[in-house]
Structures are given as structure tokens and as C-alpha cells.
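# Fold and geometry: a report
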Amino acid sequence: MNEAACTLGPDDGRARVLRWQQLAAVTRPVSRRSGPIVEVSYPLDAHEELESLVTAERQCCQFVEWDMVRRADTVVLRIAADPGRPDDVEPLAALFGAATNEG
């Protein structure tokens, strides 16, 4: 993984955060953090916008891994930092409101 830095400019960054917030307002995802991993569960109807956002994030935030997995009636976004750098997901955990759950 690369150094922990997003490559978006200030205006682009605000626009991207707004897209994530709009998706959350409509879909009410459930999120949690466990060490270097943040998981956010969305309803299936969020798949298209989620896929668009994840594709964009993979370009600008390459210091973490961005994966989507379908589980039953949800799509789970999994953001993983290098285990040796778990704090790399901290700003993303905050964005998604992911509380730490070590158990």
C-alpha cells in the first residue's frame, strides 16, 4: 500500500464527502471498525452509487484497500489499512461513523 495521503484537492474532497453523506442519508448504512478494517453495510439498492464511489476512491486513496462484497440482502464496503498502520483508516472510520468493535 502507498503512503497515507488522499490525492484529491480541497474542492474535489468536499464534493466526494458530500456524495458519501448523501448516500448515507438515503440508505442509512451500518458501520463498524475493527483495528485496521472498517466495514459499512448498505442495502442492495445502493450498489450502483457505491460502486461508482469505490472506483473513484481506489484512484485517490490508494493507501487502503477498497472492496465490496454482497452478503445476503446487503452490499458490504470493506476498507482495510495495512495491519502495521491501523490508524490509516481513522479518517475514513470517522467519515462513516464506524465505532471500534474489537470483539
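Structure: above.
Rules used throughout
- Along every chain, residues carry numbers that run from 1 in the direction the sequence is written.
- Local features in this predicted model are restricted to residues of pLDDT 70 or higher, and side-chain atom pairs are both shown and tallied only at a pLDDT of 80 or more, whereas totals for entire chains, interfaces and linings draw on every residue.
- Water and hydrogen atoms were dropped before computing side-chain values, which therefore reflect all heavy atoms in the structure.
- The rule is short: rings of Phe, Tyr and Trp, with Trp giving its six-membered ring, pair when the centres are within 6.5 Å, and they are stacked under 30 degrees, edge-to-face over 60, tilted in between.
- Elements are defined by DSSP. Helices are runs of H or I of four residues or more, strands are runs of E of two residues or more, and each kind is numbered from the N terminus.
- When a residue's accessible area, from a 1.4 Å probe over protein chains only, is under 20% of the maximum for its type it is buried; when over 50% it is exposed; and in between it is partly exposed.
- The criterion for strand pairing is that DSSP finds at least two bridges linking the strands in question.
- The rule for a salt bridge is simple: a side-chain nitrogen of Lys or Arg has to be within 4 Å of a carboxyl oxygen of Asp or Glu.
- Any pair of N or O atoms that falls within 3.5 Å is considered a polar contact. Within protein, one atom must be able to donate a hydrogen and the other to accept it, and sequence-neighbouring residues count only if both atoms are side-chain atoms.

Attention shifts here to the packing of aromatic side chains. Scanning the entire structure with this criterion turns up two aromatic pairs. When the ring of tryptophan 20 is compared with that of tryptophan 66, the centres are 6.4 Å apart and the planes differ by 20°; the resulting orientation is stacked. Taken together, the positions of tryptophan 20 in helix 1 (residues 10-27) and tryptophan 66 in strand 3 (residues 65-71) put the pair 46 residues apart, joining distant regions of the chain. For the residue pair tryptophan 20 and tryptophan 66, the accessibility class agrees, reading buried in each case. Between the aromatic rings of tryptophan 20 and phenylalanine 96, the centroid separation amounts to 4.9 Å while the plane-to-plane angle is 85°, which identifies the pairing as edge-to-face. Here tryptophan 20, found in helix 1, pairs with phenylalanine 96, found in helix 3 (residues 90-96); they are 76 residues apart in sequence, far enough to count as distant. Three or more aromatic residues link up through ring pairs in this structure, and these residues are Trp20, Trp66 and Phe96.

This part takes up unusual backbone geometry. Positive phi values are uncommon outside glycine, yet arginine 28 reaches one of about 50°. If you trace the backbone, arginine 28 turns up in the loop between helix 1 and strand 1 (30-34).

This part takes up the sheet that holds strand 1. Strands sit in the order 3-4-2-1-5 across an open sheet of five strands; the sheet is mixed. The sheet is open, and its two edges are formed by strand 3 and strand 5 (99-100), each paired on a single side. Bridge count between strand 2 (residues 37-43) and strand 4 (residues 74-80): seven bridges; the pairing is antiparallel. Bridged to proline 43 within strand 4 is threonine 74.

What follows is about the pattern of salt bridges. According to the stated counting rule, one finds seven salt bridges in the structure shown. The residue arginine 33 makes a salt bridge to glutamate 90 at a minimum N-O spacing of 2.3 Å. Pair noted here: arginine 33 is in strand 1 and glutamate 90 is in helix 3, with a separation of 57 residues, a long-range link. Its relative accessible area of 7% is what places arginine 33 among the buried residues. Judged by relative accessible area, which is 41%, glutamate 90 ranks as partly exposed. The partner of aspartate 88 in a salt bridge is arginine 85, with the nearest N and O atoms 2.9 Å apart. Look at the salt bridges and you will find they share partners, linking Arg32, Glu39, Arg71 and Arg78 into a network.

A word on the side chain of arginine 33. Within polar-contact distance, the side chain of arginine 33 engages the backbone oxygen of glycine 35 at 2.7 Å. Of note is the side chain of arginine 33, whose polar atom sits 2.3 Å from the side chain of glutamate 90.

Quick look at the environment of alanine 81 now. Here alanine 81 is to be found in the loop between strand 4 and helix 3. By relative accessible area, which is 4% here, alanine 81 ends up buried. Each C-alpha atom of the pair alanine 81 and tryptophan 66 lies 9.3 Å from the other, and the pair is 15 residues apart in sequence.

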